[in-house]
Amino acid sequence: AFTTAILLEKPAILEVKEAQEALTKAKEEATRAEDAYISAIDGAEAALERLKEVQEETGISGEDLYNKVQDGTLDYKNMTDAQKEVYKAYVNNINKQAEAKDAQEELTKAKKAETIASFENKLALAKESGEYDDFKKSVVDAYNKGSLSAEEARILIEKSMSEMSN
């Protein structure tokens, strides 16, 4: 989102070098986000599997233990070893699922930033060549496919139109 905001806030068309640098950075951020997402999903799957295993082995519900701790009717220090194992697995699962959700959101933001940077790069190349029709068509196509929001498409097309009138 950070990269997206920076690129769309700039009123002028970027120079090709600047646009290509922004695109490279956005691609690197998307790759890092993808790696973090994969790691988070693997962690979430492993945590859920571990929780299922310990609940099955012990016959104790992690959710029940968690609720008892939350409402103050059970304290961790008073749990049996089996209860502690289930409780820890349950809490770990909650944390890992939250991490996976956060990683998904970060990946979505990074992919959006990469898309915007790609269009900014295309716009810089269109400015250099003086050919804007293909650029505008690609923006409309991306909007129709849902890759760009109406606002993002509008801003990109306005930038190209402002340069055409100069």
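You'll find the structure just up there.
The notes below deal with the structure included here. None of these values were measured; they are calculated from a predicted model.

**Quick notes on the packing of helix H4 (residues 81-129) against helix H5 (residues 133-145)**
For any two helices packed against each other, one specifies the crossing angle of their axes together with the interaxial distance. Where H4 contacts H5, the axes come no closer than 10 Å and their chain directions differ by 160°. In this view, H4 runs roughly antiparallel relative to H5, as classed from their interaxial angle. In the crossing of H4 with H5, the sense of the turn from one axis to the other is left-handed. Residue-level contacts link Phe119, Lys122, Leu123 and Ala126 of H4 to Phe135, Ser138, Val139 and Ala142 of H5. A class-by-class count of the residues in the contact of H4 with H5 yields 6 nonpolar, 1 polar and 1 charged.

**Describing H5**
Counted at 1.5 Å a residue, the expected span for H5 with its 13 residues is 18 Å, and the 18 Å between its end C-alpha atoms agrees. Within two residues after H5, Gly146 carries a phi angle of roughly 90°, on the positive side.

**Let's talk about the nonpolar core**
Judged by nonpolar contacts, the single largest core of 16 residues is most densely connected at Phe119, Phe135, Val139, Leu148 and Leu156. Contributing elements (two or more residues each) for this core: helix H2 (16-58), H4, H5 and helix H6 (150-164). Examining the composition of this core, we find that 5 residues originate from one element, H4, more than from any other. The contacts of Val139, once residues within four sequence positions are left out, are Phe119, Leu148, Ala153, Leu156 and Ile157.

**Details of the packing of aromatic side chains**
All chains considered together, the criterion is met by 4 aromatic pairs. Look at Tyr66 and Tyr90: their rings are 5.3 Å apart centre to centre, the planes differ by 45°, and that puts the pair in the tilted class. Of this pair, Tyr66 sits in helix H3 (residues 62-70) while Tyr90 sits in helix H4, and the two are 24 residues apart along the sequence. Looking at Tyr66, the relative accessible area reads 24%, which means it is partly exposed. Judged by centre distance (6.4 Å) and plane angle (70°), the rings of Phe119 and Phe135 are edge-to-face.

About the cut-offs
- Residues numbered from 1 in each chain as written.
- Predicted model: local features only at pLDDT ≥ 70, side-chain atom pairs only at ≥ 80, totals over all residues.
- Heavy atoms only, no water.
- Axes fitted to C-alpha atoms, helices over the stretch in contact; angles between N-to-C directions.
- Helix = DSSP H or I, 4+ residues; strand = E, 2+ residues; numbered from the N terminus.
- Parallel < 35°, antiparallel > 145°, perpendicular 65-115°, else oblique.
- Left-handed = near helix turned anticlockwise from the far one by under 90°.
- Contact = heavy atoms within 4.5 Å.
- Nonpolar A, V, L, I, M, F, W, Y, C, P; charged D, E, K, R; others polar.
- Expected span 1.5 Å × (residues − 1).
- Core = buried A, V, L, I, M, F, W, Y, C linked by side-chain atoms within 4.5 Å.
- Buried < 20%, exposed > 50% of the residue type's maximum accessible area, 1.4 Å probe, protein only.
- Phe/Tyr/Trp six-rings, centres within 6.5 Å; stacked < 30°, edge-to-face > 60°.

Distances and angles like these do not, on their own, reveal function.
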